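# Structural overview for review
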Amino acid sequence: MKNITLTADESLIEAARRKAAAEGTTLDALFRRWLAEYVGRERQAMAVIRELQETIDTSGRKFTRDELNER
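How each quantity is defined
- Residues numbered from 1 in each chain as written.
- Predicted model: local features only at pLDDT ≥ 70, side-chain atom pairs only at ≥ 80, totals over all residues.
- Heavy atoms only, no water.
- Helix = DSSP H or I, 4+ residues; strand = E, 2+ residues; numbered from the N terminus.
- Buried < 20%, exposed > 50% of the residue type's maximum accessible area, 1.4 Å probe, protein only.
- Areas by Shrake-Rupley, 256 points an atom, 1.4 Å probe, with all protein chains shown as cover.
- pLDDT = per-residue confidence, 0-100.
- 1 Å grid on protein atoms, 1.4 Å probe; cavity = no way out; pocket = protein on both sides within 12 Å on 5 of 7 lines; lining within 4 Å.
- Points joined across faces, edges and corners; volume = space filled by probe spheres on them.
- Nonpolar A, V, L, I, M, F, W, Y, C, P; charged D, E, K, R; others polar.
- Salt bridge = Lys/Arg side-chain N within 4 Å of Asp/Glu carboxyl O.

### Regarding the overall build of the protein
Helices and strands together make up the secondary structure of the protein, namely 3 helices and 0 strands. Helices and strands in the protein line up, N terminus first, as α-α-α. Expressed as a percentage of the 71 residues in the protein, the buried residues total 1%. Total accessible area on the protein stands at roughly 7,100 Å², and carbon and sulfur atoms take up 53% of it.

### Looking at the confidence of the model for the protein
Considering every residue of the protein, the mean pLDDT works out to 90; 100% of them sit at 70 or more. Model confidence for the protein, summarised as mean pLDDT per element, is weakest for helix H2 (residues 27-55) at 88 and strongest for helix H1 (residues 10-22) at 97.

### Things to note about the layout of surface pockets
In this structure, the largest pocket occupies an estimated 670 Å³ of space. Surrounding the largest pocket, 21 residues form its lining, Ile-4, Leu-6, Leu-27, Asp-28 and Phe-31 being those nearest its centre. Those elements that place two or more of their residues in the lining of the largest pocket are H1 and H2. Residues that form the lining of the largest pocket fall into these classes: 12 nonpolar, 3 polar and 6 charged.

### A look at unusual backbone geometry
Located in the positive-phi region is Ser-59, a residue other than glycine, with phi close to 55°. Counting through the fold element by element, Ser-59 comes out in the loop between H2 and helix H3 (65-69). We classify Ser-59 as exposed; its relative accessible area is 65%.

### Looking at the environment of Arg-50
Note that Arg-50 resides in helix H2. Taking relative accessible area as the criterion, Arg-50 reaches 43% and is therefore assigned partly exposed. Spatially, the C-alpha atoms of Arg-50 and Thr-7 are 37 Å apart, while their sequence positions differ by 43 residues.

### Remarks on the environment of Lys-62
Within the secondary structure, Lys-62 is located in the loop between H2 and H3. A relative accessible area of 73% means that Lys-62 is categorised as exposed. Sequence separation between Lys-62 and Ala-29 is 33 residues; the distance between their C-alpha atoms is 45 Å.

### Points about the pattern of salt bridges
Oppositely charged side chains can pair when the atoms bearing their charge come close. Going through the model one piece at a time under the given rule, you end up with 3 salt bridges. A salt bridge links Arg-32 to Asp-28; its shortest N-O distance comes to 2.2 Å. Here Arg-32 and its partner Asp-28 are both found in helix H2, 4 residues apart, which amounts to about one turn of the helix. One salt bridge connects Arg-61 with Glu-67, and the closest N-O pair in it is separated by 2.6 Å. Arg-61 gets classed as partly exposed once you look at its relative accessible area, which sits at 43%. Under the relative-accessibility criterion, Glu-67 is labelled partly exposed at 30%.

So, in structure tokens, the structure goes:
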């Protein structure tokens, strides 16, 4: 596992540490969870896009902005 250094206001860090401790966790664990979720959202979105590309055939047709925004 690789270490990184983050910089934030000291009072913010202390408040976050207290909150994490009250939740039975650490800032390190919270940051790892946030980082995984942050990256995961993009991966999930790209998987949906690939799935749609495989199932929807537009025959190469380009849609106009108005067509894309129709409800």
